[in-house]
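Given next are the chains, with one letter for each unit.
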Amino acid sequence: MLSCDPALEQAVRFLPGQGKAFCVPYCLFISLCNLAADIVFLCSWQIQIGGIGPLHALMAAAFALLSASGSVLLEWYCPIRGWKIESDLWHHPRKYVVPAVMLLLAGLVSMF
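Reading the values: the criteria
Each chain carries its own residue numbering, running from 1 in the direction its sequence is written. Only residues with pLDDT of at least 70 get local features here, since the model is predicted, and only at 80 or more are side-chain atom pairs given and counted; chain-wide, interface and lining totals rely on the full set of residues. To obtain the side-chain values, all non-hydrogen atoms of the structure were included, while hydrogens and water were left out. Helix and strand definitions here come from DSSP, where helices need a minimum of 4 consecutive H or I residues and strands a minimum of 2 consecutive E residues; each element is numbered from the N-terminal end. Atoms counted for the radius of gyration: C-alpha only. Globule rule: 2.2 Å times residue count to the power 0.38. The criterion used for residue contact is that any of the two residues' heavy atoms lie within 4.5 Å. Burial classes: relative accessible area under 20% of the type maximum marks a residue as buried, over 50% as exposed, and values in between as partly exposed (1.4 Å probe, protein chains only). When a carboxyl oxygen of Asp or Glu lies within 4 Å of a side-chain nitrogen of Lys or Arg, that pair is called a salt bridge. One fewer than the residue count of a helix, multiplied by 1.5 Å, yields its expected span. Working definition: a ring pair exists when centres of Phe, Tyr or Trp rings (six-membered ring for Trp) sit within 6.5 Å. Plane angles under 30 degrees give stacked, over 60 give edge-to-face, the rest tilted. We call a charge positioned over a ring when the NZ of a Lys or the CZ of an Arg lies within 6 Å of the ring centre and within 35 degrees of the ring normal.

Asker: What should I look at first to understand the overall build of the protein in this one?
Answerer: Across its full length, the protein carries five helices and zero strands. For the protein, the N- to C-terminal ordering of α and β elements is α-α-α-α-α. Its C-alpha atoms give the protein a radius of gyration of 17 Å, more than 25% over the compact-globule value 13 Å for 112 residues. Seen through its C-alpha atoms, the protein measures out along the principal axes to roughly 50 × 30 × 25 Å.

Below is the structure:
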């Protein structure tokens, strides 16, 4: 979000307290979007196979929050700069970092 609008990034970084005022709502928004997808998956799983417990819901919420936090932290500390056209921004390999880390973490969690 900050990477696609340099003027917004400059305004957010310039004013005091804007980092927290921007990052927390942005993280919550991404987390809710991720959680909505997780809820659809868990409902589908419950309908098809069954056996969804509170631990599954808790893990879905934790992974949604971790994924959102990772995305926001990358956007805040490593914004994409120097892009020429918006297509460069959307095809940047950085967007695969958080999903790859979350996939590895999910594999580690599923082993236990």
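Asker: Would you explain the environment of R94 in this entry?
Answerer: By the element assignment, R94 lies in the loop between α4 (86-90) and α5 (97-111). R94 sits 23 residues away from S71 along the chain, and the two C-alpha atoms are 9.7 Å apart. Apart from the residues within four sequence positions on either side, R94 is in contact with S3, L74, E75, C78, P79 and I80.

Asker: Sorry, what's going on with the environment of A62 here?
Answerer: By the element assignment, A62 lies in helix α3 (residues 54-77). For A62, a relative accessible area of 33% translates into the label partly exposed. Note: C-alpha distance between A62 and Q46 (16 residues apart in sequence) is 19 Å.

Asker: What is the right way to read the pattern of salt bridges from this model?
Answerer: One pass over the structure, following the stated rule, counts one salt bridge. In this structure, E75 and R94 form a salt bridge, with 2.8 Å as the shortest nitrogen-oxygen distance. Here E75 is found in helix α3, whereas its partner R94 is found in the loop between α4 and α5, with 19 residues between them in sequence. Overall, R94 belongs to the buried group, its relative accessible area being 16%.

Asker: Could you clarify how one ought to interpret α3 in this entry?
Answerer: Helical geometry note: an α-helix holds 3.6 residues per turn, so side chains three or four residues apart project in the same direction. Between its terminal C-alpha atoms α3 stretches 34 Å, which fits the 34 Å expected from 24 residues at 1.5 Å a residue. Of the residues making up α3, those classed as buried are A60, F63, A64, S67, A68, V72, L74, E75 and W76. Contacts from the buried residues of α3 go to α1 (6-14), α2 (18-48) and α5.

Asker: Where do I start with the side chain of S31 in this structure?
Answerer: Residue placement: S31 occurs in helix α2. For S31, a relative accessible area of 9% gives the class buried. Residues within four places of S31 in sequence aside, it is in contact with A64, L65 and A68.

Asker: Even after reading the chapter, I still don't get the packing of aromatic side chains, so can you show me in this structure?
Answerer: Each pair of aromatic rings is reported with the distance of its centres and the angle of its planes. This model, assessed by the stated rule, comprises two aromatic pairs. Taking 5.8 Å as the distance between ring centres and 45° as the angle between the ring planes, the aromatic pair formed by F41 and W45 counts as tilted. Here the residue F41 and the residue W45 both occupy positions in helix α2, the gap between them amounting to four residues, near one helical turn. The exposure class of W45 is partly exposed, given its relative accessible area of 36%. Positioned over the ring face of W76 is R13, at 4.3 Å from the centre of the ring.

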